[in-house]
Amino acid sequence: MKEKNLDNEEQDILESFEAGEWVPVKDQKEQAARHRRYAQNTLRKDRRVNIRISAKDLDEIQARAVEDGIPYQTLMASILHRYVTGRLVDAKRQPQRHHEDSDQ
């Protein structure tokens, strides 16, 4: 049964939960502490940089940050972190898939 006011992702999560696909985490306190340490190490800001970017790019970054409800500096740091860890890639550098025509 579809719940009201749920977006597609939330509905998928609810259906997965109701299907019994979720299991409790063993050693929940230990796991939570471990992930807190990961987050602290990832989010620790121990260096400062100055960069020059176009006003247009900064405006767009700030607008995206507002949409996400986070400070724009946090968004910029997140983008850089994801890029250097390989989790954010340039779509233009991705191999292009070519569709073969069925008439050939």
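Everything in this summary refers to the structure shown in the same document. This is a predicted model, so every value here is computed, not measured.

This brings us to a nonpolar patch on the surface. A cluster of nonpolar side chains, contributed by Ile13, Phe17 and Trp22, occupies part of the molecular surface with about 350 Å² of accessible area. By secondary structure assignment, the location of Ile13 is in helix α1 (residues 8-18).

Right, let's talk about the pattern of salt bridges for a bit. Taken as a whole and judged by the stated rule, the model has 1 salt bridge. Across the pair Lys56 and Glu60 runs a salt bridge, and its minimum N-O distance is 3.1 Å. Remark: Glu60 and Lys56 occur in helix α3 (residues 55-68); sequence separation between them is 4 residues, near one turn of the helix. Here Lys56 falls in the exposed class, since its relative accessible area comes to 56%.

The probe, sized like a water molecule, is rolled over the atoms to show the empty space still left. Of the pockets and cavities examined, the largest pocket occupies roughly 740 Å³. Among the secondary structure elements, those contributing two or more residues to the lining of the largest pocket are α2 (28-43) and α4 (72-84). Looking at the lining of the largest pocket element by element, the count peaks at 8 residues for α4. In terms of lining, the second largest pocket is formed by Ile51, Glu60, Ile61, Arg64, Asp68, Leu75, Met76, Ile79, Leu80, Arg82 and Leu88. Here the lining of the second largest pocket takes 5 residues from α4, the largest share from any one element. Taken together, the residues that form the lining of the second largest pocket break down as 7 nonpolar, no polar and 4 charged.

In this model, α3 (14 residues) spans 20 Å end to end at C-alpha, consistent with the 20 Å of a helix rising 1.5 Å per residue. Where α3 ends, the next residue or the one after it, Gly69, has phi of about 70°, a positive value.

For Ser16, the location among the structural elements is in helix α1. If sequence neighbours within four positions are ignored, Ser16 has contacts with Glu21 and Trp22.

Time to look at the packing of α3 against α4. Where α3 contacts α4, the axes come no closer than 8 Å and their chain directions differ by 100°. Classified by the angle their axes make, α3 and α4 are roughly perpendicular. Residues Leu58, Ile61, Gln62, Arg64, Ala65 and Asp68 of α3 touch α4, and the partners they reach there are Tyr72, Leu75 and Met76. A breakdown of the residues in the contact of α3 with α4 according to their chemical character gives 6 nonpolar, 1 polar and 2 charged.

Definitions and limits used
Residues numbered from 1 in each chain as written. Predicted model: local features only at pLDDT ≥ 70, side-chain atom pairs only at ≥ 80, totals over all residues. Heavy atoms only, no water. Patch = residues over 30% accessible without salt bridge, like charges linked within 9 Å, V, L, I, M, F, W, Y side chains within 5 Å. Areas by Shrake-Rupley, 256 points an atom, 1.4 Å probe, with all protein chains shown as cover. Salt bridge = Lys/Arg side-chain N within 4 Å of Asp/Glu carboxyl O. Helix = DSSP H or I, 4+ residues; strand = E, 2+ residues; numbered from the N terminus. Buried < 20%, exposed > 50% of the residue type's maximum accessible area, 1.4 Å probe, protein only. 1 Å grid on protein atoms, 1.4 Å probe; cavity = no way out; pocket = protein on both sides within 12 Å on 5 of 7 lines; lining within 4 Å. Points joined across faces, edges and corners; volume = space filled by probe spheres on them. Nonpolar A, V, L, I, M, F, W, Y, C, P; charged D, E, K, R; others polar. Expected span 1.5 Å × (residues − 1). Contact = heavy atoms within 4.5 Å. Axes fitted to C-alpha atoms, helices over the stretch in contact; angles between N-to-C directions. Parallel < 35°, antiparallel > 145°, perpendicular 65-115°, else oblique.

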